[in-house]
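# Architecture at a glance
The residues making up each chain are set out below.
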Amino acid sequence: MSETPETSKKRQKTCLQVATNVTEQKHHVTREIRGKNLGLCRGFRGCTVWLTGLSGAGKTSIAFELEAYLVSRGIPAYGLDGDNIRTGLNKNLGFTPADREENIRRVGEVAKLFADSGVVAICSFVSPFADDREMARKIHKDADLKFYEIFVDTPLNVCESRDVKGLYKKAREGVIKGFTGITQEYEKPEKPELIVNTDGFTIKESTQKVIALLEEEGIIPKTLRDVEKLPELYVQDSVKEAIINEAKSLPSVPITQVELQWLQVLAEGWAYPLKGFMREDEYLQTLHFNSILTEEGAFRENQSVPIVLSVSTENKEKLDGVSAITLNYEGKPVAILRKPEFFYHRKEERLSRQFGTSHPNQPYIKMVMESGDWLVGGDLDVIERIRWNDGLDQYRLTPNELREKFTEMKADAVFAFQLRNPIHNGHALLMQDTKRQLLERGFKKPVLLLHPLGGWTKDDDVPLPVRMAQHQAVLDSGVLSRDDTVLAIFPSPMMYAGPTEVQWHAKARMNAGANFYIVGRDPAGMPHPDKEMYPDGNLYDATHGARVLKMAQGLDSMEILPFRVAAYDKSVSRMAFFEPKRKEEFEFISGTKMRTLAKTGANPPDGFMEPKAWKILAEYYQSLSKQ
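Residues numbered from 1 in each chain as written. Predicted model: local features only at pLDDT ≥ 70, side-chain atom pairs only at ≥ 80, totals over all residues. Heavy atoms only, no water.

Per an unreviewed UniProt entry, the protein chain carries the name Adenylylsulfate kinase and comes from Musca domestica. What UniProt records for the protein chain under Subcellular location (unreviewed entry) is the sentence "Plastid, Chloroplast". (UniProt positions renumbered as here; feature names shortened; annotations may be inferred.)

### Let's talk about the overall build of the protein chain
For the protein chain, the helix and strand inventory stands at 22 helices and 21 strands. The dimensions of the protein chain, computed from C-alpha atoms along their principal axes, are 100 × 70 × 50 Å. In the protein chain, which comprises 627 residues, the proportion classed as buried is 52%. Within the protein chain, one finds 84 positive and 88 negative side-chain charges whose respective centroids are separated by 3 Å. (Helix = DSSP H or I, 4+ residues; strand = E, 2+ residues; numbered from the N terminus. Buried < 20%, exposed > 50% of the residue type's maximum accessible area, 1.4 Å probe, protein only. Lys, Arg positive; Asp, Glu negative; His and termini not counted. Charge placed at Lys NZ, Arg CZ, Asp CG, Glu CD.)

### Thoughts on the side chain of glutamine 470
The topology assignment puts glutamine 470 in helix α18 (residues 464–477). The class for glutamine 470 is buried, based on a relative accessible area of 1%. In this structure the side chain of glutamine 470 is engaged in a polar contact, spanning 2.7 Å, whose partner is the backbone oxygen of isoleucine 423. (Polar contact = N/O pair within 3.5 Å; in protein donor to acceptor, adjacent residues only side chain to side chain.)

### Topic: the sheet that holds strand β4 (residues 146–152)
Read from one edge to the other, the open sheet built from five strands follows the order β2-β3-β1-β4-β5, with strand pairing classed as parallel. Looking at which strands have only one partner, the edges of the open sheet turn out to be β2 (77–81) and β5 (194–196). The sheet shows a mean angle of 20 degrees between the axes of neighbouring strands, direction not considered. Taken together, the five bridges between β2 and strand β3 (residues 120–124) define a ladder with parallel strand orientation. By the bridge assignment, glycine 79 is partnered in β3 with isoleucine 122. Contacting β1 (47–52), β4 and β5, helix α9 (residues 203–216) runs over the sheet at an angle of about 170 degrees to β5. (Pairing = 2+ DSSP bridges. Axes fitted to C-alpha atoms, helices over the stretch in contact; angles between N-to-C directions. Contact = heavy atoms within 4.5 Å.)

### Structural notes on a negative patch on the surface
On the surface, Glu101, Asp131, Glu185 and Glu187 cluster together to form a negatively charged patch. Here glutamate 185 shows up in the loop between α8 (167–172) and β5. (Patch = residues over 30% accessible without salt bridge, like charges linked within 9 Å, V, L, I, M, F, W, Y side chains within 5 Å. Areas by Shrake-Rupley, 256 points an atom, 1.4 Å probe, with all protein chains shown as cover. Salt bridge = Lys/Arg side-chain N within 4 Å of Asp/Glu carboxyl O.)

### Re the domain arrangement of the protein chain
Looking at the assigned domains, one finds that the protein chain contains domain 1 (31–224), domain 2 (237–382) and domain 3 (393–626). Computed from C-alpha atoms alone, the centre-to-centre distance between domain 1 and domain 2 is 47 Å. (Domains from an automatic or database assignment.)

### Details of the nonpolar core
Ranked by size, the top nonpolar core spans 81 residues in total, and within it Trp262, Leu263, Phe277, Leu327, Leu380 and Trp504 carry the most contacts. For this core, the leading source of residues is helix α11 (residues 257–268), giving seven residues. Counting contributing residues, this core receives three or more from each of domain 2 (237–382) and domain 3 (393–626). Discounting chain neighbours no more than four positions away, the residues touching leucine 263 are Ile255, Phe277, Leu327, Val334, Ala335, Leu380, Val382 and Ile386. One finds Tyr395, Ile518, Met594 and Ala598 within the second-largest nonpolar core, a separate group that totals 43 residues. (Core = buried A, V, L, I, M, F, W, Y, C linked by side-chain atoms within 4.5 Å.)

### Details of the environment of lysine 169
Mapped onto the elements of the fold, lysine 169 is located in helix α8. Relative accessible area serves as the criterion here: at 53%, lysine 169 is assigned to the exposed category. Note: C-alpha distance between lysine 169 and lysine 229 (60 residues apart in sequence) is 45 Å.

### A few points about the confidence of the model for the protein chain
Per-residue confidence for the protein chain gives a mean pLDDT of 88; residues scoring 70 or more make up 91%. Predicted confidence for residues 1–5 stays below pLDDT 50, and this span has eight contacts to residues more than four positions away or in other chains. (pLDDT = per-residue confidence, 0-100.)

Shown next as structure tokens:
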């Protein structure tokens, strides 16, 4: 890492050559246009984050963690690392003071170009000299670009103890001359924008300090995925009595059980950033884009299903113009809806966009067709936590409670599985295999969120209490491990809206802290009410839900894990992943066949379902037969 004086002088002379016949060319694309069209996160965010500190301080680790964080949120970013630059752009430079200065000058100019293009340039360089760093800052200042100097202030003894590249050892032995921190001084920044110490902190914790700075500076907006706790719509205990008294004095409308379930969904943060039932602009974005803009307009959050409150024409005429409305369930005030906005309920448009059909025999569509001709949106003050008093409330964990649970369990990956049906061993195989894959990818504690849907379902679906008892039996048997499984209830109603609804199921679990989502064949689907409409008799193609989910906007912090088809392998008497080459050895046990076996008291093949779980399911279907 040293060179002769003659070589150094020759290089300095080369570096000092200046072209005199060049003129700066102005771009046709302005920064405003770049900000509007570059990345998923609107707004010009170009700047340079300059990480400086001793070798081994953690600069590169922070840089790459920050780069991954920004890119996952739709913000263009690129890490310019000292070692990488010296193997390419600056491979002709050594480590003399003059070469170090030229190294930083070139990097500063490149970073400026990145920043001017709308990219967050993340530079990780020892850059030991204050004048060199000030030169890089000035390059950005002259171009009217923001520059953030981050001093990674990790003690020398800690850096030397890490010595991943063995450089400190060579410097101590005299093999490397002029090594910063050993034989060459490091000039600490006097007024950096931020000081970060990586000693005793994880890379994620250290990076979070840089993220916080960029949020404060308005470079990146704060989003759901960056907050520890979601805002809930329940009123504080200190004002509850006043809200109850206010609710009694306001005009009111009754809400149905399904609307109360949606109220719970909103209040607990499953549909964040919604603050209440949708106003018309939110409703239109949902129908036409399957997403809504965040309040500051920087992000599009996935929101594929409308969450709306309907009212009759009579109630609309009575309430139009009031400042607030009380929502009553079974005669009891449950919430106040503020600044109500009424808009006409074009049911066929809504249904055709959400379901791809407006057939009146689809069960949720039937409910919509029977609902009011007007919709009313507005912010909500929900009086108290919604309880159903059915013996299952302990399973109804809010997104915040689930996040806390995952933290307590020290989960480094959370994978969610959506179910509205009983669990058989094929489902268990998928969950077991997902855990295996995550462990192979390096995760230490992947946790399963076993999250059956607990809102309204159609009449012929297995009721929630039976499903929960059956799920518990699966856990009791050890088919799924209790140590790394959280069994909870997702309070949303079921709409059977196929590819549109499956996005909602994933988004809600993302709000609860899941970062992996298992999606299967025909998620949220059902047979078409008109069986002759399509060749397969189904409302949706069995593969479209998973395919749409992988392309959906606003699910950027969640990885979609495709469902591998499992079937009963007769050769080994257990559920296994289907192999087309020996298809004759597999049997697909349909829901219809399973119900027939249960009703008649017959047992399924050994290995299809955990016996105690089957007993619960069989008893339920046999009770129906008796009725």
